[in-house]
Amino acid sequence: MPIQKTIHGWLIETQHSAYALGLNPAGLLAHCYWGPRLPFTADYPPPPAPAEWSSFDMPAHLTPEEYPAHAALRFGEPCLSLVFADGTRDLVLGFVEASIDGEELHITLRDEALQLALTLHYRAHPAYDLIERWVTISNQGHQPLRIERVWSALWHLPPADYPYRLSHLTGRWADELRLRRERMPQGTTVLESRRLTSSHHHHPAFALDRGDASEEHGEVWFGALAWSGNWKLAAELTDFGATRLGIGLNDWDFAWQLGPGEQFVTPACYGGYSQHGFGPMSRALHDLVRDQLLPHHNAPRKVLYNSWEATAFAVDLASQSRLAELAAAMGVELFVMDDGWFHGRDSDRAGLGDWWPDQRKFPQGLNPLIERVNGLGMDFGLWVEPEMVSPDSELYRAHPDWAIHFPSRPPSTARNQLILNLARPDVQEHLIGLLDTLLAAHNIAFVKWDMNRNVSEPGWPSAPGEPREIWVRYVQGLYHVWGELRRRHPSVIWQSCSGGGGRADLGILRLADQIWVSDNTEPTARLHIQEGFSQFYPASTMEAWVTDMGAAHLSLEYRFHVSMCGALGVGGNLLHWSADQRAEAAALIARYKAVRHIVQAGDLFRLRSPAASPISALQYVSKDRSASLLFVFRTHMPPQLALPPILLRGLDPQARYTVEGIAEPRSGAAWMQIGLNLDRAELQDFQSTMRLIQQVNHG
Ligand code: GLA
């Protein structure tokens, strides 16, 4: 039983972790424990008794409440801020009931005077060592109320002598998903997105440790929000030394009108505890994403070719057929035509919104090209950017009011485009109709869904109610459109792209099997971007193309090896690749196909970080530990230095393994303890190696 009622409250146990909460003597729902699973139920502490410091810091402020509201003598970051019809901005929440339903726990609190019910939901994922949390607000009164903040969860950390260290991902376009680890300062650290997407700039996921955790050692508490719009994370080190982290929808410019009888349900936040460093954190999330969130779970990701860097907007039957022939000869399995194929699209100045084939470029439509691609043995994929509209488009001329805007001022364009208001049901239905027609009329196996700007002038002039609901209703509309298309075309594989990794999050991974991680494909930059991405997301979702970026200073093999750490694709201009280069690429693609199941469905071990050393290394291990794949990358290192041994991980210590290129098998224990000694001549500056590791006599 992962969830049980105890004498102190409720206990949620996963395979290795536990989480406990209960009502304290003052009747407040308090956090009791989050950490390793303990032997006996009686081991878990009771809810802390109310403490008082002075008239300035009363018990309500000092209690580690599970979900504190903006109310009474509380001064920390609240999870919930409401304004009632009579102007009250305060909640008195009393316990009503709790129910355990298999792996779910639901606890309802209620403000009797204001007739407001709050239900905290917990779902245990025992096999993944994860807990999923979300919240429902129910207006049981007779007047509407306004929600000004509603978060998904507050996570309390155990008391510590030193500030916790916060790990998070940050960056900007073409430089996103950079891993940062920094000690929490006193006060509140806020990370957020105000951009309508989860954003390139900050990332809705975190890890907290005591400052000493590594890939394999040290306690780590972590979480990730399943939401693809504005979000906020507030990590607080309080004046009393408590550490708490709240996460959920961003309250910036947000308001939601909740009518009598209505409910509001927040997105989910997944949280977990690892006793052995960041590695188990990542592997738990990778498993959850693959097994539970992704539409196509562990189905092998096909090697794709994308035309963007070769032909940009100049696509037509001849240019795409030529690329397709070259790609097919290299063993590519999926040919994706990027931007430029639809009505009026010759540059980024026109066409978005008019999602039918351009008559001049494709006079017979797309089917002749699709048949050609299919005839070459490949699937066909297409680029779209459904949320956007070019002012120079049929759609905008017919429906200028469909763009997000304020009536009193011209909307700002970015990349010459505006954003359609997906909060509007008519816009949603229009997009579903148009894209459904496109998918029904063509044999399209893959769609790259792009989103190339952030929001401005977030107005919704015809909003039926509170216009600031746009932030949430837009994302709900996006999920509805995408979800409906997925339902009607279940075999299509979708990729989420927002100018690279601008919309990478657990929410979008319920719709998209792959993420275009960055528009920066220079491989040494990519080592860092991929390390950041891998903290929370599995390699199967990490689409990685070999392009011409880096070709001047890096071998084709190096560029392939970097991309082979994820779902391999090719995006270089094949028209400029020599026959020798294409033959080398074909051999590397064949090699990838033979081992991709280890990368895409296996366990990841980050052996050496590119941030810490010019010799970085990654290892993937199949779930049954019979096979593994090692990648080692060298950037610049003084030639006099010896190469460090590469200590392998994740092998069965008692089994014997061979490492490709090394004659003698050794035990898993020896490979992990002594490691692999590469010769300096084997791995010079900007060289890489990929080694298959196989268990001897397996099967
Ligand atoms: C974005 C994407 C690119 C490409 C272009 C097309 O920048 O990230 O991969 O699809 O749009 O306009």
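Structure: above.
Here's a quick rundown of the structure. The model shown is predicted, which means the values in this text are computed figures rather than measured ones.

### Brief notes about the overall build of the protein chain
Move 1: Of the regular secondary structure elements, the protein chain holds 12 helices and 36 strands.
Move 2: Computed over the C-alpha atoms, the radius of gyration of the protein chain is 26 Å, within 12% of the 27 Å expected from 2.2 N^0.38 for a compact globule of 699 residues.
Move 3: Structurally, the protein chain occupies a C-alpha span of about 80 × 70 × 45 Å along its principal axes.
Move 4: Across the 699 residues in the protein chain, those meeting the buried criterion constitute 61%.
Move 5: Across the protein chain, every contact between residues at least 6 apart in sequence was considered, and the portion connecting residues at least 24 apart equals 68%.
Move 6: Summed over all atoms, the accessible surface of the protein chain reaches about 25,600 Å², with 52% contributed by carbon and sulfur.
Move 7: For the protein chain, the distance from the average position of its 59 positive side-chain charges to the average position of its 78 negative side-chain charges is 3 Å.

### Quick look at the environment of Asp-354
Move 1: Mapped onto the secondary structure, Asp-354 falls in the loop between strand 22 (334-337) and helix 5 (367-375).
Move 2: The sequence separation of Asp-354 and Gln-600 amounts to 246 residues, and the corresponding C-alpha distance is 36 Å.
Move 3: Within polar-contact distance, the side chain of Asp-354 engages the backbone nitrogen of Leu-395 at 3.1 Å.

### A look at the site of the ligand
Move 1: If you check the shell around the ligand, you find 13 residues, and the closest are Asp-338, Asp-339, Arg-415, Lys-448 and Asp-519.
Move 2: One of the side-chain N or O atoms of Lys-448 is found 2.7 Å from an oxygen atom in the ligand.
Move 3: Between the ligand and Gly-500, the relevant distance is 3.5 Å, taken from an oxygen atom to a main-chain nitrogen or oxygen of the residue.
Move 4: Grouping the amino acids of the shell around the ligand by side-chain chemistry returns four nonpolar, three polar and six charged.

### Considerations on the side chain of Ser-622
Move 1: Along the polypeptide, Ser-622 turns up in the loop between strand 32 (615-621) and strand 33 (627-634).
Move 2: A polar contact of 2.7 Å, which involves the side chain of Ser-622, links it to the side chain of Asp-624.

### Some words on the pattern of salt bridges
Move 1: Scanning the entire structure with this criterion turns up 45 salt bridges.
Move 2: One salt bridge connects Glu-192 with Arg-194, and the closest N-O pair in it is separated by 3.1 Å.
Move 3: The class of Arg-194 is partly exposed, set by a relative accessible area of 40%.
Move 4: When the shortest N-O distance is used, the salt bridge between Glu-325 and Arg-372 registers 2.9 Å. Of this pair, Glu-325 sits in helix 4 (residues 317-329) while Arg-372 sits in helix 5, placing them 47 residues apart in sequence.

### Things to note about the state of the cysteines
Put plainly, a disulfide is one covalent bond tying together the sulfur atoms of two cysteines.
Move 1: For the structure on display, the rule yields zero disulfides.
Move 2: The cysteine Cys-79 is free of any disulfide, with Cys-269 supplying the nearest cysteine sulfur at 11 Å.

### A look at the sheet that holds strand 33
Through backbone hydrogen bonds, the strands of a sheet pair up, either in parallel or in antiparallel fashion.
Move 1: Sheet architecture is open: six strands sit in the order 31-32-33-36-34-35, paired in antiparallel fashion. Each edge of the sheet is formed by a strand with only one pairing partner; in this case those strands are strand 31 (603-608) and strand 35 (666-667).
Move 2: Examined bridge by bridge, strand 34 (residues 656-659) and strand 35 share two bridges and lie antiparallel to one another. Bridging across to strand 35, Arg-656 finds its partner in Ser-667.

### As for the packing of helix 7 (residues 425-441) against helix 8 (residues 470-488)
Move 1: The N-to-C vectors of helix 7 and helix 8 enclose an angle of 30°; their axes lie 10 Å apart at closest approach. Put simply, helix 7 runs roughly parallel to helix 8. Note on packing geometry: the crossing formed by helix 7 with helix 8 is right-handed. Residue-level contacts link Gln-428, Glu-429, Leu-431, Ile-432, Leu-435, Asp-436 and Leu-439 of helix 7 to Gly-477, His-480, Val-481, Glu-484, Leu-485 and Arg-488 of helix 8.

### Let's talk about the nonpolar core
Move 1: Grouped together as the largest cluster of nonpolar side chains are 187 residues, with contacts concentrated most on Trp-341 and Phe-560.
Move 2: Each residue touching Trp-341, except ones within four places of it in the same chain, is listed here: Val-315, Trp-355, Trp-356, Pro-357, Asp-358, Phe-362, Leu-366, Leu-382, Trp-383, Val-384 and Leu-438.
Move 3: Core analysis: the next-biggest nonpolar cluster, separate from the first, contains 21 residues, Phe-605, Ala-617, Val-621 and Leu-630 among them.

### Examining the sheet that holds strand 26 (residues 446-449)
Move 1: What the eight strands build is a closed barrel, ordered 21-22-23-26-27-28-29-30; its pairing is parallel. Ignoring which end each strand starts from, the neighbouring axes of this sheet average 30° apart.
Move 2: With two bridges joining them, strand 21 (residues 304-306) and strand 30 (residues 567-570) adopt parallel strand pairing. Its bridge partner being in strand 30, Leu-304 is matched across the sheet by Gly-569.
Move 3: Running at roughly 155° to strand 22, helix 4 makes contact with strand 21 and strand 22 of the sheet.

### Side note on the packing of aromatic side chains
Move 1: One pass over the structure, following the stated rule, counts 28 aromatic pairs.
Move 2: For the pair Trp-516 and Trp-545, a centre-to-centre distance of 3.9 Å together with 20° between the ring planes defines the contact as stacked. In this pair, Trp-516 is assigned in strand 28 (residues 514-516) and Trp-545 in strand 29 (residues 542-546), connecting sequence segments 29 residues apart.
Move 3: Exposure remark for Trp-545: the relative accessible area of 3% places this residue in the buried category.
Move 4: Members of the aromatic cluster, each reached through a chain of ring pairs, are Tyr-19, Trp-34, Tyr-122 and Trp-155.

### Quick word on the pairing of strand 6 (residues 94-101)
Move 1: In terms of strand pairing, strand 6 meets strand 7 (residues 104-111) through seven bridges, oriented antiparallel. Looking at the pairing, Ala-98 lines up with Ile-107 of strand 7.

### Looking at helix 9 (residues 523-534)
Move 1: The end-to-end C-alpha distance of helix 9 is 15 Å, a good match for the 16 Å that 12 residues give at a rise of 1.5 Å each.
Move 2: Among the 12 residues in helix 9, 11 count as buried, and that is most of the element.
Move 3: Within the span of helix 9, buried status applies to Pro-523, Thr-524, Ala-525, Arg-526, Leu-527, Ile-529, Gln-530, Glu-531, Gly-532, Phe-533 and Ser-534.

Quick notes on the rules
Residues numbered from 1 in each chain as written. Predicted model: local features only at pLDDT ≥ 70, side-chain atom pairs only at ≥ 80, totals over all residues. Heavy atoms only, no water. Helix = DSSP H or I, 4+ residues; strand = E, 2+ residues; numbered from the N terminus. Rg over C-alpha atoms; globule rule 2.2 N^0.38 Å. Buried < 20%, exposed > 50% of the residue type's maximum accessible area, 1.4 Å probe, protein only. Contact = heavy atoms within 4.5 Å. Areas by Shrake-Rupley, 256 points an atom, 1.4 Å probe, with all protein chains shown as cover. Lys, Arg positive; Asp, Glu negative; His and termini not counted. Charge placed at Lys NZ, Arg CZ, Asp CG, Glu CD. Polar contact = N/O pair within 3.5 Å; in protein donor to acceptor, adjacent residues only side chain to side chain. Near = heavy atom within 4 Å. Nonpolar A, V, L, I, M, F, W, Y, C, P; charged D, E, K, R; others polar. Salt bridge = Lys/Arg side-chain N within 4 Å of Asp/Glu carboxyl O. Disulfide = S-S within 2.5 Å. Pairing = 2+ DSSP bridges. Axes fitted to C-alpha atoms, helices over the stretch in contact; angles between N-to-C directions. Parallel < 35°, antiparallel > 145°, perpendicular 65-115°, else oblique. Left-handed = near helix turned anticlockwise from the far one by under 90°. Core = buried A, V, L, I, M, F, W, Y, C linked by side-chain atoms within 4.5 Å. Phe/Tyr/Trp six-rings, centres within 6.5 Å; stacked < 30°, edge-to-face > 60°. Expected span 1.5 Å × (residues − 1).

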